[in-house]
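Residue-level structure breakdown
So the chains spell out like this:
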Amino acid sequence: MTKRTDDLITASVTHRFAASPEAVFDAWLDPELVGQWMAAALAESSPGTELTSVTIDARVGGTFTFIDSRDEDQDGPTGTYLQIDRPRRLVFTWLPEDGEHSVVTIDIEPAGEGCVLTLVHEMDSRWVDFVDRTAEAWARMARQINAAL
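Going along each chain's sequence as written, the residues are numbered from 1 onward. For this predicted model, a pLDDT threshold of at least 70 governs which residues receive local features, and a threshold of 80 or more governs which side-chain atom pairs are given and counted, while totals over whole chains, interfaces and linings are taken from all residues. Side-chain metrics in this entry use all non-hydrogen atoms of the structure; hydrogen atoms and water are not considered.

A few points about helix α3 (residues 131-148)
With 18 residues, α3 should cover 26 Å at 1.5 Å per step; its first-to-last C-alpha distance of 26 Å lies within 8% of that length. Only protein chains enter the accessibility calculation, which uses a 1.4 Å probe; a residue is then buried when its area is under 20% of its type maximum, exposed when over 50%, and partly exposed in between. Numbered from the N terminus, helices here are DSSP runs of H or I no shorter than four residues, and strands are runs of E no shorter than two. Buried within α3 are the following residues: Val131, Thr134, Ala135, Trp138, Ala139, Arg140, Met141, Ala142, Gln144 and Ile145. In this scheme, a helix's expected span is set at 1.5 Å multiplied by one less than its residue total.

Here's what the structure looks like:
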């Protein structure tokens, strides 16, 4: 789903998990689990590409970096954690450039024996041509988290 305002656009994904909210939340911050599901998502989207490094400092103000075999300069996706409210909400920047607004908000709600994750990626409207690809990438990651759990 795409929503557009004058300066910002959003890509949204919703995914139902059989796992508990705590397990799904932790899958976003545990370096071993992130390495597992992110490697699988990367292999699905870019066959032959390997995840080579996952660095996570899971605290508000802490950062993360993911490096794969395509990153010759060893400068992969990065971000900073803005809010960590286990197991309900995780907010972080994603690939921020100077002056660019890119924030991912993950909300996790209990649902029956499992939970529902809603992810909203808010970004500068200049990325409008990539919003569908962005939503699909997040959906692919959610599917791989589901498989890992």
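Some thoughts on the pairing of strand β3 (residues 51-56)
When β3 meets strand β4 (residues 63-68), the two strands line up antiparallel, connected through five bridges. Within the sheet, the bridge partner assigned to Val54 lies in β4 and is Phe66. By definition, two strands form a pair when at least two bridges between them are found by DSSP. Between β3 and β4, which pair antiparallel in sequence order, lie six residues; one of them, Gly61, sits at a positive phi of approximately 90 degrees.

Quick word on helix α2 (residues 31-45)
For α2, built from 15 residues, the straight-helix expectation of 21 Å at 1.5 Å per residue is met to within 8% by its first-to-last C-alpha distance of 20 Å. By the burial criterion, the buried members of α2 are Val34, Gly35, Trp37, Met38, Ala41 and Leu42. Any pair of residues with heavy atoms lying within 4.5 Å of one another is described as a contacting pair. Buried positions along α2 lie against α1 (21-27), β3, β4 and α3.

Section: the packing of aromatic side chains
For Phe, Tyr and Trp, rings pair up if their centres lie within 6.5 Å, where Trp contributes its six-membered ring, and each pair is then called stacked (planes under 30 degrees apart), edge-to-face (over 60) or tilted (otherwise). Enumeration over the complete set of coordinates arrives at 13 aromatic pairs. Both rings, one in Phe64 and one in Phe66, keep their centres 5.0 Å apart while their planes meet at 25 degrees; by these two values the pair is stacked. Given the relative accessible area of 3%, Phe64 is considered buried. The exposure class assigned to Phe66 is buried, which follows from its relative accessible area of 7%. Here Tyr81 and Phe92 contribute two aromatic rings whose centre-to-centre distance is 6.2 Å and whose plane-to-plane angle is 70 degrees, an arrangement assigned as edge-to-face. Of the two residues, Tyr81 sits in strand β5 (residues 78-85) while Phe92 sits in strand β6 (residues 89-93), which places them eleven residues apart along the sequence. We note that Tyr81, like Phe92, is buried. An aromatic cluster is defined as three or more aromatic residues linked by ring pairs; in this entry it consists of Trp28, Trp37, Phe64, Phe66, Tyr81, Phe92, Trp94 and Trp138.

Shape is all these values report; function is a separate question.
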